[in-house]
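So the chains spell out like this:
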Amino acid sequence: MLNHDQSYPRTKLNLTIENLSQAVFIVNRHAKTAINPKFLYKLKQESLKKLIDEGKARKIGLHFSGHPRNSQQQSDVLVECGKYTFHIPPTKSDFQDLPHLGKLDGSVRNPKAHISLNAAKALLQSYTGISEWENQTSSPRTNQRTYQKPIFKKLGERY
């Protein structure tokens, strides 16, 4: 439903809290299985940050992460937006300002959302102003140095 030259979906979704939270849910769900999830996670995080700043979402507390990286324990911030809850990485101030809720309750689930990934991405991109194309790095071929002829010096000479 999205042409490559369009920055919004043909089926126009309003920027309501419900639509935005559903779009974040869809983007987050697809990011977990995406080949290159970096952009999707950035879109999720920036959208939630903007929703929090506008008072449309709120930070509830800290949870122990289900998948800590290199440490034994790691905490994530639980964010409530509409009927949905999400986790985002904490800031330093979050550890002082928010209560720690302990271990994540696995029985709590978000409601289902019925938006396509393209529509969700387009909605969040129009909301945040982030573009997928500006964040993509150039292909590895263009990053490589051009071939330079080797310089041969006599043994013992410096260059």
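Residues numbered from 1 in each chain as written. Predicted model: local features only at pLDDT ≥ 70, side-chain atom pairs only at ≥ 80, totals over all residues. Heavy atoms only, no water.

### Topic: the packing of aromatic side chains
Here is step 1 of the chain: Following the criterion strictly, the structure yields two aromatic pairs and no others.
Here is step 2 of the chain: Seen from their ring centres, Phe25 and Tyr84 are 5.4 Å apart, and the 40° between their planes marks the pair as tilted. One end of the pair, Phe25, is in helix H1 (residues 17-31); the other, Tyr84, is in strand E3 (residues 84-88), and 59 residues separate them in sequence.
Here is step 3 of the chain: Classification of Phe25 by relative accessible area gives buried; the value is 14%.
Here is step 4 of the chain: Residue classification places Tyr84 among the buried positions, given a relative accessible area of 1%. (Phe/Tyr/Trp six-rings, centres within 6.5 Å; stacked < 30°, edge-to-face > 60°. Helix = DSSP H or I, 4+ residues; strand = E, 2+ residues; numbered from the N terminus. Buried < 20%, exposed > 50% of the residue type's maximum accessible area, 1.4 Å probe, protein only.)

### A short note on the nonpolar core
Here is step 1 of the chain: In this structure, Leu48, Leu51, Phe86 and Leu124 are the most contacted members of the largest nonpolar core, which totals 29 residues.
Here is step 2 of the chain: Breaking this core down by element, the ones donating at least two residues are H1, helix H2 (38-53), strand E2 (75-81), E3 and helix H4 (117-128).
Here is step 3 of the chain: For this core, the element with the highest residue contribution is H1, accounting for seven residues.
Here is step 4 of the chain: When residues no more than four places from it in sequence are discounted, the contact partners of Phe86 are Ser21, Val24, Phe25, Asn28, Lys44, Leu48, Val77, Leu78, Val79, Cys81 and Asn110. (Core = buried A, V, L, I, M, F, W, Y, C linked by side-chain atoms within 4.5 Å. Contact = heavy atoms within 4.5 Å.)

### Side note on the pairing of E2
Here is step 1 of the chain: Counting buried positions over the seven residues of E2 gives six, a clear majority of the element.
Here is step 2 of the chain: Pairing between strand E1 (residues 58-64) and E2: six bridges, direction antiparallel. Looking at E2, one finds that His63 is bridged to Asp76.
Here is step 3 of the chain: Note that E2 and E3 share five bridges and pair antiparallel. What sits directly across from Leu78, in E3, is His87.
Here is step 4 of the chain: Linking E2 to E3, which pair antiparallel, is a turn of two residues; within it Gly82 sits at a positive phi near 65°. (Pairing = 2+ DSSP bridges.)

### Describing the packing of H1 against H2
Here is step 1 of the chain: The N-to-C vectors of H1 and H2 enclose an angle of 155°; their axes lie 9 Å apart at closest approach. Here H1 lies roughly antiparallel to H2, going by the angle between them. For the pair H1 and H2, the sense of crossing is left-handed. Contacts between H1 and H2 involve Leu20, Val24, Val27, Asn28, His30 and Ala31 from the former and Leu40, Tyr41, Leu43, Lys44, Ser47, Leu48 and Leu51 from the latter. (Axes fitted to C-alpha atoms, helices over the stretch in contact; angles between N-to-C directions. Parallel < 35°, antiparallel > 145°, perpendicular 65-115°, else oblique. Left-handed = near helix turned anticlockwise from the far one by under 90°.)

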